[in-house]
Amino acid sequence: FVERNNDSEDAELRFVTCQSLWNQIKSETEQVQEDLNKQLFDNLVSFLRRSHSEFQEKTTEWTCRMKSREIPTAALVLGVNVTDHDLTFRSLSEVLQNNITPYIAFLEAKDCPGIKNLMQKLMGQLMNCYVDVDSLEDEDYVQVSQNRIRCSMTSLTNWYESVTKKTDSETPSKKRTSSSRDWQSPPVVVIFKDMESFTTKVLQDFIVISSQHIRELPLVLIFGIATSPMIIHSLLPHSVSSLLCIELFQSLSCKEHLSTIIDKLLLTAQFPFKLGEKVLQVLINIFLYHDLSVQNFIKGFQLCVVEHFYSQPLSVLCCQPVDAKKRVNSLSHDQCENIRKLPSFRRYVERQVSEKQIALLTADNFLKEVTQKLLEDLHVYHENYVSVLRCLHVFTSSLPKYPLGKQIRELHCACLENRVWETEEYESSLQLARMLNKSDLVTMLQQCVEIFVSSSGNEFDKTVERLKEFLTQFQKLEAEAFQEQDVSISSQKELQKKTDLYHLQKTLLELKESRRSKKLTKFEMLRFEVVDYIDSLVRNYLVPADHKTLHEIVYFNTASVLRGHLNAAPRIALHTALNNPYYYLKNQALKSDGGRISNKAPDICIVYKLHLECGRLINLVDWLEAFSTVVMAVEGPNADAASSDQVDDIIHARFIRAVSELELLGFIKPSKRKTDHVARLTWGGC
Amino acid sequence: GIKVRKDKTQLTVSVKRFVKKLENISDDEAQEILEEKNYVAALGICAQDPVGNGSGVSGGEVYSFQTPKRSSKMAELAAELAQTPGQSVAPDHSECPEKTAKTPQSSSKYMFLLLMHVFSLQLQSKKKEYVATTPYRLRKRLAAPDPYLESESEYSASCSEEEDEEDQKEVRTVLSGRKTPAKTKTLSTPPPRNTLAKKIKEDKMSNLVEEYFEAHSSSKVLTSDRTLQKLQKRRLNQQTLHDILKKAPLAYAAEIKELNQQHEFLFSKWKLQLHLGFNIVLYGLGSKRDLLEKFRTSVLQDSVHLVVNGYFPSITVRSILNSITEEVLNHIGTFRSPLDQLEFIIKRFKEDSSLELYVLIHNLDSQMLRGERSQQILAQLSSLPSIYLIASIDHINAPLMWDQAKLSLYNWLWYETTTFSPYVEETSYENSLLVQQSGSLALSSLTHVLRSLTLNARGIFRLLAQYQLENKDNPSYPGLSFQDFYQQCREAFLVNSDLTLRAQLTEFRDHKLIRTKRGADGVEYLLIPVDDSTLTDFLEKEDED
């Protein structure tokens with residue numbers, strides 16, 4: 001049902017691939033999110049279980065009664081990326097629903113401008129909209145506000161009692177099969193999604209009122225907090241916050257979340273689709289400098305996927321290697337031509353011998369074979385790339401000053417951008433790596449071995465062996481070191497024995513000599529070897545992707561499109577259009593040098609330019625005359641031909657139109673301070 | 001002192017360009033001396049225009065903190081004096097039409113262009129000698145108040161007596177302001193341009209902030225007092241305006257068409273992206289109405305869609321929601337609040353996954369829709385997976401409507417669609433200052449209502465109208481206070497107690513003939529919400545009767 005811009009027969013297939021890929025990615029991200037939140041949710045769940053155990057036991061002890069004035073509260077610190085919270089809360093309520101209680105109310109500040117609305121919302125959600133809106137309304141009109149609140153609170157407790165009674169009278173096991181414990185009265189959980197934006201009055205009232213009823217109604221509050229836990233105390237006075245029994249929960253920071261997502265989505269051979277360096281950079285910049293929202297990052301990623309599959313006809317091959325083979329075989333002639341047009345493929349052809357070149361350029365079947373092989377190569381390259389990248393990251397991430405970046409995504413970007421081993425940063429990080437101490441080096445090597453073992457690529461058997469060899473050598477060194485120590489100790493003993501000056505001098509010189517001649521201990525030699533080996537790995541496997549043939553098929557690289565759609569600059573667009581209309585209207589008459597504007601520009605541009613000259617108030621008459629001067633200058637010759645009155649009218653009308661357009665655009669507004677004046681709303685260039 | 005400083009900040013805007021300009025200035029100065037003196041003043045201002053104009057063009061400067069590049073007085077004068085050369089030069093065009101045809105490329109500065117028409121043929125050769133010498137002489141001459149100049153200035157003829165006074169003053173400020181460029185010129189003509197630039201840079205930092213507050217501190221803004229009424233030109237009403245504009249050919253129609261075609265190329269992509277859960281917002285100069293209309297007719301023909309004309313002055317979120325519930329969901333019934341209605345819509349759309357709706361909103365940033373609450377509701381609406389929103393924005397500050405939460409609800413994809421097409425529909429509702437309010441409707445309703453009232457009631461209304469007309473020149477006229485009004489009515493034997501007056505006023509209010517508002521002191525003020533000209537017409541008509 002979606003028409004693509006080109007009418008190739010693959011469009012449908014491409015769309016399907018795109019959809020399935022996106023669905024995969026989406027489920028993966030959700031999985032990641034779930035895993036990350038698991039810890040947090042487990043803590044919360046156990047807290048909720050604990051909170052009303054007293055209520056369960058129905059003890060009548062005095063301490064308990066004292067305590068029961070307090071509402072157990074969980075403060076959930078979620079970080080500033082408010083837009084991601086929605087998802088967190090949704091999964092939270094799901095978890096709670098399954099494990100703790102069916103009674104969950106979910107309140108947002110924008111729904112609750114007053115305590116009345118809050119209570120209505122609360123009851124509506126708890127009773128699953130048993131309360132008819134109309135009946136509530138009648139009630140509203142009948143009773144006074146104070147009265148109603150109490151009434152609804154008591155009705156809430158009544159409702160709660162009846163509900164729990166009912167479930168008691170029913171077979172309790174039936175209702176509570178999901179929860180492990182046999183809960184007689186599950187707590188009522190009220191979630192305040194964005195606590196900061198609630199009006200304090202409403203919050204205070206609600207807390208005070210509900211603390212009165214806490215004995216009948218096992219209430220638990222959950223505050224979603226974006227800033228810091230201190231906000232509770234600044235929002236609520238002491239008398240109110242003392243009614244709360246707050247426990248703090250900290251969610252994972254969004255940065256960690258992002259790096260997991262990148263790890264799972266990009267640094268894996270699982271998904272055939274890849275992001276180019278610039279695109280990734282744009283996405284990360286938007287994340288770091290604009291919103292810190294993982295949700296937006298994923299959205300940007302989605303856009304990349306869609307854009308790639310939309311604009312690249314060959315993206316039909318961007319799928320799992322098994323499918324890709326089949327699809328290559330069924331490629332049409334046009335698609336083969338498309339392959340031949342790819343710049344990376346051209347480079348590849350140029351490297352071949354001439355017969356092969358001709359075959360590649362003429363025979364479709366041969367081309368398909370080669371393409372299959374190349375695609376396979378690309379896939380293998382990705383597999384290797386990821387493992388080696390991780391391995392390199394192990395080394396670089398612990399170096400002082402992090403010349404190649406702390407996060408693996410920075411390293412990834414650097415590797416994508418160009419040959420990483422040609423950069424200065426790489427050079428300096430190798431230098432630093434050559435100075436690592438042994439224990440660090442050994443642990444790193446062990447980590448590398450783990451990475452390579454766990455990776456799916458089968459080329460790494462040798463590498464693993466080699467690394468293991470290094471490890472055993474290190475161990476040997478250790479043993480040798482013990483012996484050496486013995487030697488040195490013995491020599492020292494000798495020193496102690498011989499006390500005459502001559503001998504002492506001689507032995508000291510000898511010792512010195514031996515040290516100098518050695519220069520590099522065995523350990524140092526080995527260290528160099530290890531670093532060199534890593535270096536060779538990097539040179540082999542971390543070739544930037546755009547040096548690979550057919551990388552266009554799987555890499556999305558048009559960062560400008562992405563930036564235009566996600567991080568647009570409407571003001572700049574307006575500004576360019578007004579200042580430099582030639583940018584949009586390719587007419588020679590509009591061409592001007594150095595940002596100046598031709599007097600033949602569209603009316604609105606001229607009027608805009610004129611208004612830039614003015615202060616806060618603009619006299620319309622003067623403006624009009626200036627405008628007509630400019631316009632007359634353009635139409636000079638014709639001005640006399642037509643009746644001047646007519647021309648005047650047209651210019652007047654054009655002026656009116658331009659001014660009202662400026663008003664619509666928000667540059668000016670009518671002013672009452674002086675007759676026939678408008679006020680300017682902007683300063684400076686825009 | 002202040003003047004000098006101000007000029008310096010003008011210079012800072014773009015030093016290089018200014019230096020270049022200065023040469024032009026001096027060239028012109030050289031020429032001017034041989035010409036009429038009033039040209040001198042005019043050109044002095046014109047020469048400053050390029051400085052201002054040249055600024056802020058580079059994209060990078062768009063967002064930077066910009067001070068007023070000129071004090072408001074100076075700038076306003078620039079605009080004011082702009083007409084002087086224009087008026088005098090306009091007739092000159094017949095003399096050198098071929099010149100006009102040739103030059104526009106080279107001189108994009110219109111003022112400059114005009115002057116060049118006049119002067120370009122003369123004195124080209126002698127420039128250099130003047131460059132060094134004139135500024136001093138010129139400065140001396142300009143510094144001295146010159147009655148000759150004032151009496152000759154073009155607009156004293158068209159202005160009233162007191163305006164003339166002010167004009168004189170203004171011209172003098174021009175002159176004093178004008179001294180500085182000349183002085184700077186003498187500093188900078190020889191090689192040391194770099195030093196000048198450096199100095200200016202230093203100045204820039206220190207003055208930047210000061211300048212800004214200086215320009216904003218004085219509440220008094222000097223502008224000319226000319227009004228449109230004195231222009232001897234009838235105001236156009238909406239209809240004639242429309243007709244005239246229809247006659248006038250649209251400039252660069254071909255290029256605009258090409259632009260539009262580029263945008264139309266994106267239609268199928270838009271539809272795809274809408275289906276994938278994004279919403280699309282269009283920005284850029286020019287009306288995007290036609291583009292969206294085209295999108296609607298070419299792509300959305302077979303699907304359910306709703307077009308919202310955001311620029312319509314009485315559009316509300318409620319009406320949007322109503323049209324969804326009533327026409328799309330076929331629901332009959334009312335809702336207590338927009339939030340309830342929204343909830344209902346969300347529920348319906350979630351229940352029935354086959355339900356799809358395209359919403360096209362022209363001008364999402366219009367007066368009526370830009371409020372926080374309406375944006376929140378629209379954002380929530382657009383976040384529904386089966387509602388596809390495509391909207392356009394025009395206001396420069398439109399993106400400020402949305403905070404992070406709303407942005408994530410909207411899930412925008414931004415598309416730049418600069419069309420350069422005129423905002424015909426969008427501005428037709430805007431009550432532009434220049435368009436004459438027809439007022440015919442208001443007038444007829446006035447007469448009709450009043451005709452049905454008693455004689456006394458008419459008298460009461462008349463009193464109020466007269467009083468309002470007497471005060472029409474007072475911009476801060478709050479209305480007639482109830483007590484005063486009562487007093488006046490008593491004196492005219494129109495009412496005998498304030499109760500009867502109140503009853504009468506209630507009747508007026510019901511017919512929307514008057515408006516009451518409370519002043520700061522709690523006194524009730526009465527106002528007729530009709531513009532003065534209509535009111536005058538009405539009184540004249542009454543008198544005839």
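Whatever comes next refers back to the structure up there.
Predicted, not measured: the structure shown is a model, and the values here were computed from it. Numbering of residues starts from 1 in each chain and follows the order in which that chain's sequence is written. Just so you know, chain letters begin at A and ligand numbers begin at 1, following the order they were written in. At least 70 in pLDDT is required for a residue's local features to be given in this predicted model, at least 80 for side-chain atom pairs to be given and counted, and no such filter applies to totals for whole chains, interfaces and linings, which use all residues. Note that the side-chain values use all heavy atoms of the structure and ignore hydrogens as well as water.

1. Observations concerning the overall build of chain A
To keep things clear, this is the line we draw: A run of H or I in DSSP becomes a helix once it reaches four residues, and a run of E becomes a strand once it reaches two; helices and strands are each numbered from the N terminus. The classification of residues rests on relative accessible area computed with a 1.4 Å probe and restricted to protein chains. Under 20% of the type maximum is buried, over 50% is exposed, and intermediate values are partly exposed. A 1.4 Å probe and the Shrake-Rupley method give the accessible areas. Residues count as covered only by the protein chains that appear here.
Along the backbone of chain A there are 31 helices and 10 strands. A buried classification covers 52% of the 686 residues belonging to chain A. Accessible surface, chain A as shown: approximately 32500 Å² in total, 52% of it carbon and sulfur.

2. Concerning the sheet that holds strand S9 (residues 515–518) of chain B
Residue and element names in this part refer to chain B. Put simply, the rule is: Between any two strands, at least two bridges found by DSSP are needed for them to pair.
Ordered in space as S8-S10-S9, the three strands form an open sheet in which the pairing is antiparallel. Since the sheet does not close on itself, it has two edges, and those belong to strand S8 (480–481) and S9, each with one partner. Note: S9 against strand S10 (residues 524–527), four bridges, orientation antiparallel. Bridging across to S10, Arg518 finds its partner in Glu524.

3. Thoughts on the side chain of Ser386(B)
Definition in use: Whether two residues are in contact is decided by their heavy atoms: any pair within 4.5 Å suffices.
By the element assignment, Ser386(B) lies in the loop between helix H17 (372–382) and strand S5 (387–392). Those residues in contact with Ser386(B) that lie beyond four places of it in its chain are Phe349(B), Leu355(B), Glu356(B) and Leu357(B).

4. A look at a negative patch on the surface
Residues and elements named next belong to chain A. This is how it is decided: Residues with no salt bridge and a relative accessible area higher than 30% make up the patches, which join like charges within 9 Å and nonpolar side chains (Val, Leu, Ile, Met, Phe, Trp, Tyr) within 5 Å. By salt bridge we mean one thing: a side-chain nitrogen of Lys or Arg within 4 Å of a carboxyl oxygen of Asp or Glu. In this tally, Lys and Arg are treated as positive and Asp and Glu as negative; His is ignored, and so are the chain termini. The atoms used to mark charge sites are NZ of Lys, CZ of Arg, CG of Asp and CD of Glu.
On the surface, a cluster of negative charge is made up of Glu30, Glu34, Asp35 and Glu94. Counting residues per element, the negative patch draws most heavily on helix H1 (residues 11–51), which supplies three residues. Structurally, the position occupied by Glu30 is in helix H1. For Glu30, a relative accessible area of 41% puts it in the partly exposed group.

5. Remarks on the packing of aromatic side chains
Residue and element names in this part refer to chain B. Inclusion rule: We call Phe, Tyr and Trp rings a pair once their centres come within 6.5 Å, taking the six-membered ring for Trp, and we label the pair stacked below 30 degrees between planes, edge-to-face above 60, and tilted otherwise. Criterion for a charge above a ring: Arg CZ or Lys NZ at most 6 Å from the ring centre, at most 35 degrees from the ring normal.
Within this structure, the stated rule accounts for 26 aromatic pairs over all chains. Consider the rings of Phe267 and Trp270, whose centres lie 5.3 Å apart with planes at 45°: the pair is tilted. You can see Phe267 and its partner Trp270 sitting in helix H13 (residues 267–275), three residues apart, about one turn around the helix. Grouped by ring-pair contacts, the aromatic residues Tyr283, Trp402, Tyr410, Trp412 and Trp414 constitute a single cluster. Arg502 extends its terminal NZ or CZ atom over the ring of Phe482, reaching a point 3.9 Å from the ring centre.

6. Description of the pairing of strand S4 (residues 219–225) of chain A
Residues and elements named next belong to chain A. To keep things clear, this is the line we draw: The handedness of a crossover follows from its direction of travel: if, with the strands pointing away from the viewer, the path from the first strand over the helix to the second runs clockwise, the crossover is right-handed.
With seven of seven residues buried, S4 lies mostly within the body of the structure. Side chains Leu219, Leu221, Phe223 and Ile225 of S4 all project onto a buried face; the interleaved residues Val220, Ile222 and Gly224 project onto the opposite face, where all are buried too. Sheet topology note: the strand S1 (residues 71–77)/S4 ladder contains five bridges and is parallel. Among the inter-strand pairings, Thr73 is bridged to a residue of S4, identified as Leu221. Bridge analysis of strand S3 (residues 188–192) against S4 gives five bridges, and the strand direction is parallel. Bridge pairing in S4 places Ile191 opposite Ile222. With respect to chirality, the unit in which S3 leads through helix H9 (residues 200–212) into the neighbouring parallel S4 is right-handed.

7. What to know about unusual backbone geometry
Of all residues except glycine, most have a negative phi; of all peptide bonds, most are trans. Residues and elements named next belong to chain B. Backbone geometry at Asn411 places phi at a positive 55°, although glycine is not the residue there. Here Asn411 is to be found in the loop between helix H18 (404–410) and strand S6 (412–416). Positive phi values are uncommon outside glycine, yet Phe420 reaches one of about 65°. With respect to the helices, strands and loops of the structure, Phe420 is situated in the loop between S6 and helix H19 (424–428).

8. Quick word on the environment of Ser398(A)
Within the secondary structure, Ser398(A) is located in the loop between helix H19 (364–396) and helix H20 (408–417). According to the relative accessible area criterion, Ser398(A) is partly exposed, its value standing at 40%.

9. Section: the pattern of salt bridges
All names here are of chain A. Counted according to the given criterion, the structure contains 21 salt bridges over all chains. One salt bridge in this structure joins Asp263 and Arg390, with 3.3 Å as the shortest N-O distance. Of this pair, Asp263 sits in helix H12 (residues 254–265) while Arg390 sits in helix H19, placing them 127 residues apart in sequence. Among the residues examined, Asp263 registers a relative accessible area of 24% and is labelled partly exposed. For Arg390, a relative accessible area of 23% translates into the label partly exposed. Its salt-bridge partner being Arg434, residue Asp532 comes within 3.5 Å of it at the nearest N-O pair. Residue Asp532 is found in helix H25 (residues 522–541), and its partner Arg434 is found in the loop between helix H21 (424–433) and helix H22 (438–454); the two are separated by 98 residues along the sequence. Overlapping salt bridges, with partners in common, bring together Glu337, Arg340 and Asp364 in one network.

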